[in-house]
Amino acid sequence: MILENTTATETFAKKIGEVAEAGDNLVLTGDLGAGKTTLTKGIALGLGIQQMIKSPTYTIIREYEGGRLPLYHMDVYRVAEAGDELGLDEYFEGDGLSVIEWGNLLADALPRDYLELILTKNPDNLEERQVTLTAYGEKSQAFKERVLASIVN
Ligand SMILES: Nc1ncnc2c1ncn2[C@@H]1O[C@H](COP(=O)(O)OP(=O)(O)O)[C@@H](O)[C@H]1O
Ligand SMILES: [Mg+2]
């Protein structure tokens, strides 16, 4: 799927937030500037979270309550090597939606069941991103199907 500009990414992300269920895990894979944090802001809107979403680059995790589900927003870029010691499983198996920027770097410490969303820049069009969704597990397969169903409506 192609997201032609930031607004398209935000609109798509909002739908993800609308269909997410407790315990869903979303790994965001993509280069610096691909749009992982932008996407998370849209997801928060879809969850009905009013608070401003700040990049968790230095805090590793930020929790947002007050939406339909809690949002656990993580950026594991600097700490992925510590993997298991981070105690992320508590979030992955918690009652919220976990969104993990650079989650692909976690290797063995990845959630047991997660949906991976890969954002790829287009070198010929700075506004455009390509998205691929891959489910790893049954729960994330169901999550993926809800996301796909929501974008055709
Ligand atoms: N289609 C698009 N989707 C998402 N972001 C886009 C798009 N086109 C341009 N951008 C810009 O790219 C930047 C992405 O930054 P950010 O979301 O912080 O990326 P990351 O968290 O992946 O490092 C933002 O400045 C955003 O406005
Ligand atoms: Mg980011």
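Refer to the structure presented above.
Residues numbered from 1 in each chain as written. Chains lettered and ligands numbered in written order. Predicted model: local features only at pLDDT ≥ 70, side-chain atom pairs only at ≥ 80, totals over all residues. Heavy atoms only, no water.

(A) Region of the structure containing a negative patch on the surface. Side chains of D84, E85, D89, E90 and D108 sit close together on the surface and give a patch of like negative charge. Using a relative accessible area of 64% as the deciding quantity, one classes D84 as exposed. (Patch = residues over 30% accessible without salt bridge, like charges linked within 9 Å, V, L, I, M, F, W, Y side chains within 5 Å. Areas by Shrake-Rupley, 256 points an atom, 1.4 Å probe, with all protein chains shown as cover. Salt bridge = Lys/Arg side-chain N within 4 Å of Asp/Glu carboxyl O. Lys, Arg positive; Asp, Glu negative; His and termini not counted. Charge placed at Lys NZ, Arg CZ, Asp CG, Glu CD. Buried < 20%, exposed > 50% of the residue type's maximum accessible area, 1.4 Å probe, protein only.)

(B) Quick look at the coordination of the magnesium ion (ligand 2). Within the first shell, the magnesium ion (ligand 2) binds the protein through T37 (OG1) and E101 (OE), at distances of 2.2 to 2.3 Å. Residue T37 is found in helix α2 (residues 36-47), and its partner E101 is found in strand β5 (residues 97-101); the two are separated by 64 residues along the sequence. By the burial criterion, T37 is buried, and E101 matches it. (Donors = N, O, S within 2.8 Å, 3.2 Å for Na, K, Ca; no water. Helix = DSSP H or I, 4+ residues; strand = E, 2+ residues; numbered from the N terminus.)

(C) Region of interest: the sheet that holds strand β1 (residues 2-3). Ordered in space as β1-β7-β6-β2-β5-β4-β3, the seven strands form an open sheet in which the pairing is mixed. Each of the sheet's edge strands pairs with one partner strand only, and the pair in question is β1 and β3 (61-64). Strands β2 (25-29), β5, β6 (114-122) and β7 (125-136) of the sheet are contacted by helix α4 (residues 138-152), whose axis makes an angle of about 140 degrees with β7. (Pairing = 2+ DSSP bridges. Contact = heavy atoms within 4.5 Å. Axes fitted to C-alpha atoms, helices over the stretch in contact; angles between N-to-C directions.)

(D) Spotlight on the site of ligand 1. Of all residues adjacent to ligand 1, which total 16 residues, the nearest are T9, G33, K36, T38 and E127. At 3.2 Å, a side-chain N or O of T6 approaches an oxygen atom of ligand 1. Contacts to ligand 1 include T38, whose side-chain N or O atom sits 2.6 Å from an oxygen atom. Among the secondary structure elements, those contributing two or more residues to the shell around ligand 1 are α1 (6-19), α2 and β7. Along the lines of polarity and charge, the residues of the shell around ligand 1 split into four nonpolar, seven polar and five charged. (Near = heavy atom within 4 Å. Polar contact = N/O pair within 3.5 Å; in protein donor to acceptor, adjacent residues only side chain to side chain. Nonpolar A, V, L, I, M, F, W, Y, C, P; charged D, E, K, R; others polar.)

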